[in-house]
Amino acid sequence: MEHVVAQSAMMSTDGGAHDRCRRFPRLEPAGSCRVIDALGDAHVRILGPAEFELGGALVHLPAPKERGLLVILALQPGSAVSSQALADVLWGAAAPEKYRKSLQVLVSRVRRRIQETGGPDGHDLVVTAGDAYLLRVPCAAVDACRFEQLSREGRDALGDGRAAEAASTLEQALAMWRGQPIPEVADTPGGRAEAARLAEMRRSALEHLHEAELALGHHGDLVARLEVLVAAEPLHETLWRQL
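Residues numbered from 1 in each chain as written. Predicted model: local features only at pLDDT ≥ 70, side-chain atom pairs only at ≥ 80, totals over all residues. Heavy atoms only, no water.

**Q** Even after reading the chapter, I still don't get the overall build of the chain, so can you show me in this structure?
**A** What the chain contains, in helices and strands, is 10 helices and 6 strands. For the chain, the share of sequence-separated contacts (at least 6 apart) that also reach a separation of at least 24 residues comes to 61%. (Helix = DSSP H or I, 4+ residues; strand = E, 2+ residues; numbered from the N terminus. Contact = heavy atoms within 4.5 Å.)

**Q** What should I look at first to understand helix H7 (residues 163-174) in this one?
**A** An α-helix turns once every 3.6 residues. As a result, residues three or four positions apart point the same way. Counted at 1.5 Å a residue, the expected span for H7 with its 12 residues is 16 Å, and the 16 Å between its end C-alpha atoms agrees. Buried residues of H7: Ala163, Ala166, Ala167, Thr169, Leu170, Ala173 and Leu174, and no others. On the buried face of H7, the contacting elements are helix H6 (143-159) and helix H8 (189-215). (Expected span 1.5 Å × (residues − 1). Buried < 20%, exposed > 50% of the residue type's maximum accessible area, 1.4 Å probe, protein only.)

**Q** How do you make sense of the side chain of Arg113 when you look at a structure like this?
**A** Note on placement: Arg113 falls in helix H4 (residues 99-116). Other than its neighbours up to four places away in sequence, Arg113 contacts Val59, His60, Leu61, Pro62 and Glu66.

**Q** Help me understand the packing of H6 against H8, please; the structure alone is not making it clear to me.
**A** For the pair H6 and H8, the least separation of the axes is 10 Å and the interaxial angle reads 35 degrees. In this structure, H6 crosses over H8, and the sense of that crossing is left-handed. For the pair H6 and H8, contact is made by Ala144, Phe147, Glu148, Ser151, Arg155 and Leu158 and by Arg197, Leu198, Met201, Arg202, Ala205, His208, Glu211 and Ala212, respectively. Here the residues of the contact of H6 with H8 are counted per class, giving 7 nonpolar, 2 polar and 5 charged. (Axes fitted to C-alpha atoms, helices over the stretch in contact; angles between N-to-C directions. Left-handed = near helix turned anticlockwise from the far one by under 90°. Nonpolar A, V, L, I, M, F, W, Y, C, P; charged D, E, K, R; others polar.)

**Q** Sorry if this is basic, but what is going on with the nonpolar core here?
**A** The nonpolar side chains of a soluble globular protein tend to be buried with one another. In this structure, Ile46, Phe52 and Leu135 are the most contacted members of the largest nonpolar core, which totals 57 residues. Each residue touching Ile46, except ones within four places of it in the same chain, is listed here: Val71, Ala74, Leu75, Val142, Asp143, Ala144, Arg178, Pro181 and Ile182. (Core = buried A, V, L, I, M, F, W, Y, C linked by side-chain atoms within 4.5 Å.)

**Q** Just to check I follow, could you spell out the pattern of salt bridges for this structure?
**A** Pairs can form between side chains of opposite charge whenever their charged atoms are close. Per the stated rule, a full pass over the model turns up 13 salt bridges. With a shortest N-O distance of 3.0 Å, Glu66 and Arg109 are connected by a salt bridge. Note that Glu66 is positioned in helix H2 (residues 64-74) and Arg109 in helix H4, a separation of 43 residues in sequence. Given the relative accessible area of 0%, Glu66 is considered buried. Residue Glu200 pairs with Arg203 through a salt bridge whose shortest N-O separation is 3.0 Å. (Salt bridge = Lys/Arg side-chain N within 4 Å of Asp/Glu carboxyl O.)

**Q** So what exactly am I meant to see when it comes to unusual backbone geometry here?
**A** Its identity as a non-glycine residue notwithstanding, Ile182 has a phi of 35 degrees, on the positive side. As for its placement among the helices and strands, Ile182 is situated in the loop between H7 and H8.

**Q** Honestly, the packing of aromatic side chains in this entry has me stumped. Any pointers?
**A** Here a ring pair, both rings aromatic, is described through the centre-centre distance and the interplanar angle of the planes. A full pass over the atoms with the stated rule returns 1 aromatic pair. Ring centres of Phe147 and Trp177 lie 5.5 Å apart, and the angle between their planes is 80 degrees; on these two criteria the pair is classed as edge-to-face. Linking Phe147 in helix H6 with Trp177 in the loop between H7 and H8, this pair joins segments that are 30 residues apart in sequence. Trp177 matches Phe147 in its accessibility class, with the two residues each being buried. The ring of Trp177 has Arg202 lying over it, and the distance from NZ or CZ to the ring centre is 5.7 Å. (Phe/Tyr/Trp six-rings, centres within 6.5 Å; stacked < 30°, edge-to-face > 60°. Lys NZ or Arg CZ within 6 Å of the ring centre and 35° of its normal.)

**Q** Even after reading the chapter, I still don't get the state of the cysteines, so can you show me in this structure?
**A** Here, disulfide denotes a covalent bond that connects the sulfur atoms of two cysteines. Inspection of the entire model under this criterion finds 1 disulfide. The residue that forms a disulfide with Cys139 is Cys145, at a sulfur-sulfur distance of 2.0 Å. Taking the torsion about the S-S bond as the criterion, the Cys139 to Cys145 disulfide, at about -110 degrees, is left-handed. The two residues Cys139 and Cys145 agree in class, both being buried. (Disulfide = S-S within 2.5 Å.)

**Q** Would you mind showing me how to read the sheet that holds strand E1 (residues 42-45) here?
**A** Adjacent strands of a sheet form backbone hydrogen bonds with each other and so pair up, either parallel or antiparallel. Strand order in the open sheet formed by 3 strands is E1-E2-E3, and the pairing between neighbours is antiparallel. Only two strands of the sheet have a single neighbouring strand rather than two, namely E1 and strand E3 (57-58). Note: E1 against strand E2 (residues 51-54), 4 bridges, orientation antiparallel. Across the sheet, His43 pairs through a bridge with Glu53, a residue of E2. (Pairing = 2+ DSSP bridges.)

**Q** I keep staring at the packing of helix H3 (residues 83-91) against H4 and nothing clicks. Help me out?
**A** Two quantities define a packed helix pair, namely the angle between the helix axes and the distance between the axes. H4 packs onto H3 with a crossing angle of 80 degrees between their chain directions and a minimal axis gap of 10 Å. As far as their axial angle goes, H4 and H3 are roughly perpendicular. Contacts between H3 and H4 involve Ser83, Gln84, Leu86, Ala87, Leu90 and Trp91 on the former and, on the latter, Tyr99, Arg100, Ser102, Leu103 and Leu106. A class-by-class count of the residues in the contact of H3 with H4 yields 7 nonpolar, 3 polar and 1 charged. (Parallel < 35°, antiparallel > 145°, perpendicular 65-115°, else oblique.)

Pasting the structure below:
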């Protein structure tokens, strides 16, 4: 899938929204890429098996494609994702000929699941935007998006010499991980690329955390953890240097 550059200016209340639209293939559809305020108390977790929580209750999404749809939209919270991009990641080369109709059916099922949980009208959370759909939640409601924010903040704090703040922030970011990221779409090219990107960001955050702990003098606590990581990745030069 090739990257598409937006032809119109993108409006955003989240500084990372523009970057996310450029990063993920074909994610600017016929509409703006902007973050919309959340409706209700929503939490979307995709750094592990997908979970969608509304008002403290988990939305039951039994079908893999239902969870896959949620994952793709959550990768771009508040931003419209084209039908073509959704089909590419959900089905890859096996996308049905009438994929738009298949997506309409899938979206309707997810909206119904949301309402069955006692949440808001499903149309208010999974929104149609021309030939595209968006998940109407802010970055802070999605663990992957929040992880990216905290990782940046931790890295910046480390660069500024604020090691204690960096360590605390990076620990908070890494604690969000519950397993392999976005497993629901990891078997398609677009999903594999995004999963690899997230995994690399996790590794980078872990390296920055180690640097912060070394700066704080926590050598003894770090050695055992680094030995395990080096055994798993013996060619990783940064881990050897930190050890």
